[in-house]
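Survey of secondary and tertiary structure
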Amino acid sequence: MRSGGTQFGLAYLDAGEVGAYLERCSGKVLSVIGFGQPLPLPQTACAPLWVDIPVLGAKHSSFEVWTSDAAVAACEHEGICGTTDGKVLFASLTLPQRAGETLEALASQAYMRIFGFIDRFEYRNLLRVWHYFPQINDDENGLERYRGFNVGRHAAFVANGRSIGEEDVPAASALGSNSGSLTIYFMAGKQPGKAVENPRQVSAYHYPDKFGPKSPIFVRALSVTLGGQDCFFISGTASIVGFETLHLGDSAKQTAETLLNIRTLLQQIPHYDPAQGRMLLKVYVRHEHDLAMVQDKVRAEFGTACKAVYLHSNICRSDLLLEIEGAYFNDAR
Ligand code: 3EB
């Protein structure tokens, strides 16, 4: 970060760094999401969100902190706490799954509440959404829970009159957590972003129904300028070409394919320059024993200037062994 002020953007911090960082960015923190072992944190506009996914490597916790270049105010509506800097709206919700209730119904309720929230504050454009829930690959009433989630998300988009095409669809990721309920956090804008799809992949919202009765709703990447930063949000990216998973059982080849998919997205940024800007990654690895291999390949691709956090998580297709999401920031010209 440049000296003399907070920038719009993202930092991944460990337990030894996050406290001082939050103090320094006081009044400009949009959102704090903790992974791994919980830790007491300095007060922010909304309470930090916790996601029960273990952090891989030497550290026990990792903190995802979104900050603004401008003053941040809290905004609350129907039990959802959010923050805004006048350009983006951040918020999260955690919905417990009660006995007899399906994840499909819960996903639909969650999205209806999200749409109500962003419409209320007039940040109607979802830019980036993160979804976490346990037992993502388990069966629920004859359907994999991730697939049920997709049915519910789809129903809410339809009920809200949102089109399922590039103009209304955010970048996203959906991963398994170890415990907890359905946890979603999101960023919405006054202005829409620009969707970027991957020519090597079928758009997720056009997946055939062999992957579930309703397609997932996300774009592969989204670019938007916020707070003087050109931002490029890369959705969860995996070893999928066309619509099929490639390299079944081969985590090294899946990693290479995933990195090629990310490279293909980055190539669509006008004037992309890997030597400039800041790249951050969240790498979700299904099997802990793949960590060193994945780290080596990610470092070879992006170098040491790229901050990467490694999490031990189930991926939304049972044959996927890893998934990588990213964010790239560059000073807007
Ligand atoms: C894929 O490419 C992998 O359901 O919101 C990646 C990012 C994936 C987001 C979502 C799912 C989602 O299909 C899975």
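Now for a description of the structure that goes with this document. In this text the structure is predicted, and so the values were computed from the model without any measurement.

Thoughts on the state of the cysteines
Inspection of the entire model under this criterion finds 1 disulfide. Here Cys25 stays unpaired: no disulfide links it, and the sulfur of Cys231, its closest cysteine neighbor, is 16 Å away. Judged by relative accessible area, Cys25 falls into the buried class, the value being 1%. Cysteine Cys306 remains unbridged, with the sulfur of Cys231 as its closest cysteine sulfur at 16 Å.

A word on empty space enclosed by the protein
Under the definition given, this model contains 2 cavities of 30 Å³ or more. The volume enclosed by the largest cavity comes to roughly 90 Å³. Along its surface, the largest cavity is lined by 14 residues, and Leu126, Glu166, Glu167, Val169 and Gly193 are the ones closest to its centre. For the lining of the largest cavity, the elements supplying multiple residues, two or more each, are β8 (125-134) and β13 (194-196). Looking at the lining of the largest cavity, its residues break down into 6 nonpolar, 2 polar and 6 charged. The calculated volume of the second largest cavity comes to roughly 40 Å³. Forming the boundary of the second largest cavity are Leu10, Tyr12, Trp66, Arg128, Trp130, Phe233, Glu325, Gly326 and Ala327. Looking at the lining of the second largest cavity, the elements with two or more residues in it are β1 (9-13), β8 and β20 (322-331). Looking at side-chain class alone, the lining of the second largest cavity contains 6 nonpolar, 1 polar and 2 charged residues.

About the cut-offs
Residues numbered from 1 in each chain as written. Predicted model: local features only at pLDDT ≥ 70, side-chain atom pairs only at ≥ 80, totals over all residues. Heavy atoms only, no water. Disulfide = S-S within 2.5 Å. Buried < 20%, exposed > 50% of the residue type's maximum accessible area, 1.4 Å probe, protein only. 1 Å grid on protein atoms, 1.4 Å probe; cavity = no way out; pocket = protein on both sides within 12 Å on 5 of 7 lines; lining within 4 Å. Points joined across faces, edges and corners; volume = space filled by probe spheres on them. Helix = DSSP H or I, 4+ residues; strand = E, 2+ residues; numbered from the N terminus. Nonpolar A, V, L, I, M, F, W, Y, C, P; charged D, E, K, R; others polar.

Any link to function would need more than the numbers given here.
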